[in-house]
Amino acid sequence: MLAGILREHGLKVFTNPSGGNLPQGIASSVLSSVSVTGVLDADIAILEVDEGYGPKITKMLTPSTVLLLNIQIDQLNRYHEPDRVVRMLEEVASTATQSLVLNRDDNYLVDLDTRLGSGFTGSRAVSFFGASPELIGASAHGLASAERFGDATSGSGTPVAGGAAGSAEGTAGSGHRGRS
């Protein structure tokens, strides 16, 4: 969706559309798109990266912007606890050189900028997006993400949403943590 939006705005976008979010899949996407001289003809790259490989990949590629959508319950099958996934994504987020975009509706991401500290946020733009209350209200089962156990509040003192979390669908650019 993001790649499509940027293309509509006239940018040449490189992405890994096949869903290959492991190193091999990303490399295959690059190899099929570069010229014989190794040049990638794109204004921007948007990569879906597996959270388990994210820390290594982002250190090699040094992203200017990191967008984190959510901590999904399905990730527990591979990593057994949301805190482990969060630590991986914190490491990925810390590699952003210019900006970090976070889902304000996700229990684990709502205060990630605070957890990264002023050394990070003082030199990078941080913005938030989230689902509108109307969208959440229209959803039969609400929005779900991994529960944040043992932590009654986020780093900002805002109560953490019990079981309600965002997805990629919603309104962008709210710029604040709290729900509207």
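Everything numeric in this text was worked out from a predicted model, so none of it was measured. In every chain, residue numbers begin from 1 and rise along the written sequence. Totals for whole chains, interfaces and linings use every residue, but because this is a predicted model, local features are given only for residues with pLDDT of at least 70 and side-chain atom pairs only at 80 or more, for both listing and counting. For the side-chain quantities, the full set of heavy atoms in the structure was used; hydrogens and water were omitted.

1. Here's the deal with a nonpolar patch on the surface
Logical step 1: Patch rule: a residue counts if its relative accessible area is over 30% and it has no salt bridge; like charges are joined within 9 Å, and nonpolar side chains (Val, Leu, Ile, Met, Phe, Trp, Tyr) within 5 Å. Residue burial considers only the protein chains on display, and all accessible areas are found by Shrake-Rupley using a 1.4 Å probe. For salt bridges, the criterion is a side-chain nitrogen of Lys or Arg within 4 Å of an Asp or Glu carboxyl oxygen. A surface patch of nonpolar side chains, amounting to about 220 Å² of accessible area, comprises Leu2, Leu67 and Leu69.
Logical step 2: Checked against the element boundaries, Leu2 lands in helix α1 (residues 2-8).
Logical step 3: Since its relative accessible area comes to 40%, Leu2 is described here as partly exposed. Numbering of helices and strands starts at the N terminus; helices are DSSP runs of H or I of at least 4 residues and strands are runs of E of at least 2. Think of it in three bands: residues with accessible area under 20% of the maximum for their type are buried, residues over 50% are exposed, and the middle band is partly exposed, with areas taken using a 1.4 Å probe on protein chains only.

2. Section: the environment of Arg7
Logical step 1: Take Arg7: it is sitting in helix α1.
Logical step 2: In sequence terms Arg7 and Ile44 are 37 residues apart; their C-alpha atoms lie 10.0 Å from each other.
Logical step 3: Any two residues whose heavy atoms approach within 4.5 Å at even a single point are treated as in contact. Dropping the residues within four chain positions of it, Arg7 is found in contact with Val13 and Thr15.
Logical step 4: A distance of 3.1 Å separates a polar atom in the side chain of Arg7 from the backbone oxygen of Val13. Counted as a polar contact is a pair of N or O atoms within 3.5 Å, where, for protein atoms, one must be capable of donating a hydrogen and the other of accepting one, and residues adjacent in sequence contribute only when both atoms are in side chains.

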